[in-house]
Each structure stands twice: as structure tokens, then as C-alpha cells.
Amino acid sequence: MIDIILHEPEIPMNTGNIARTCACTGARLHLICPLGFDISDKAVKRAGLDYWQYLDLTVYDSLEDFFARMGDENLWLATTKAPRSYAEADFRTDPVRLMFGKETAGLPEWLRERYRDRCIRIPMAGPVRSLNLANSVAILTYEALRQQGFPNLKETGTMYKG
């Protein structure tokens, strides 16, 4: 099982895309408040998120609430400040918990220091600050799934026979 944890996400489109990735992969989505948007049933329906019912979603009041309920087993922190690449991480232990920070500030420094040996980054070139949050989540989710042998996912597609 893969848990995607978003700490104080701010941009609704990013979280919507991440939710879709979770629905497509069977990953669970964990949102840590405060959120920068509304996820009420009315707001979700208005946004046309037709996959929301396939999502395993849990919302937490705070980071403390998250750790009290979930612990920190197999936790990996995605940060541009990490000294090592995600390619060095072993995601074969179940569950894999991937935590991402808010779009404007990332994860708090105290948290990165606490889990320094669990901080990983996606290699990037040049002066660009970072990848889009939804893209980062997709990259790490599929790397974890690859290492696990893509459990419970379709093994083949169906080609059009025109």
C-alpha cells in the first residue's frame, strides 16, 4: 500500500490531479490541514471530479494529528533540499508513506531535520525551483509501484482494432 501525504496543500488543481493519481493507482490520500481550498461534497461535484468516489481519503487537523493516528513507519519526505535521490530509496516495505509539503514553502525545516535520513529529492537541472507538486507525486508513486511490481494494477491495455 502506498500512502500519499500532503502537508497543507494550497492549490486545488494540484490536489485534484494527485487525487486522480491515487484513484488510478490504489494509493491512499492523506491531507493535513489547513487546506487552501474546499473539499466538501458540493465543491467536489462543482469541480467535476468524477473519480472522487474511488479515492481513499483521510483528512487530519494537523501534523500532530497525522502522526498520532498514523505514526511514522516507512515515512519518506520529498524535498528539493534532500541530499539524495529518490532512486536510492527502498520502497519495497509495506506500507510506503510519501510526504510532500505545500507548494509555496515545502515541508517545515524541523520535520526535515527530524527525518533527515528519510528525505529524498527528484533530480533536476538548472535554476528552476521545483517540479509541479502533482508531477512529483506521480513520479514517486510510480517508482514505489515499480519497485513493488505494480501490485493490483492492470497488466495489459486494450489496443483499438480498427
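Predicted, not measured: the structure shown is a model, and the values here were computed from it. (Residues numbered from 1 in each chain as written. Predicted model: local features only at pLDDT ≥ 70, side-chain atom pairs only at ≥ 80, totals over all residues. Heavy atoms only, no water.)

(A) Layout of the pairing of strand β1 (residues 2-7). With six of its six residues buried, β1 lies for the most part within the structure. Judged by which residues are buried, β1 turns out to be covered on both faces: I2, I4 and L6 on one side and D3, I5 and H7 on the other are all buried. Sheet analysis places β1 next to strand β2 (residues 28-32), joined by five bridges and oriented parallel. Along β2, the bridge assignment pairs I5 with H30. Crossover connection from β1 via helix α1 (residues 12-25) to parallel β2: handedness right-handed. (Buried < 20%, exposed > 50% of the residue type's maximum accessible area, 1.4 Å probe, protein only. Helix = DSSP H or I, 4+ residues; strand = E, 2+ residues; numbered from the N terminus. Pairing = 2+ DSSP bridges. Right-handed = clockwise from strand over helix to strand, strands pointing away.)

(B) Geometry of unusual backbone geometry. Following C33, the chain continues into P34 via a peptide bond in cis, with omega recorded as 10 degrees. With respect to the secondary-structure elements, P34 resides in the loop between β2 and α2 (41-47). With an omega of -5 degrees, the peptide bond between D94 and P95 qualifies as cis. By the element assignment, P95 lies in the loop between β4 (75-78) and β5 (96-100). For N74, which is not glycine, the phi torsion reads 55 degrees and is therefore positive. Checked against the element boundaries, N74 lands in the loop between α3 (63-70) and β4. Its relative accessible area of 15% is what places N74 among the buried residues.

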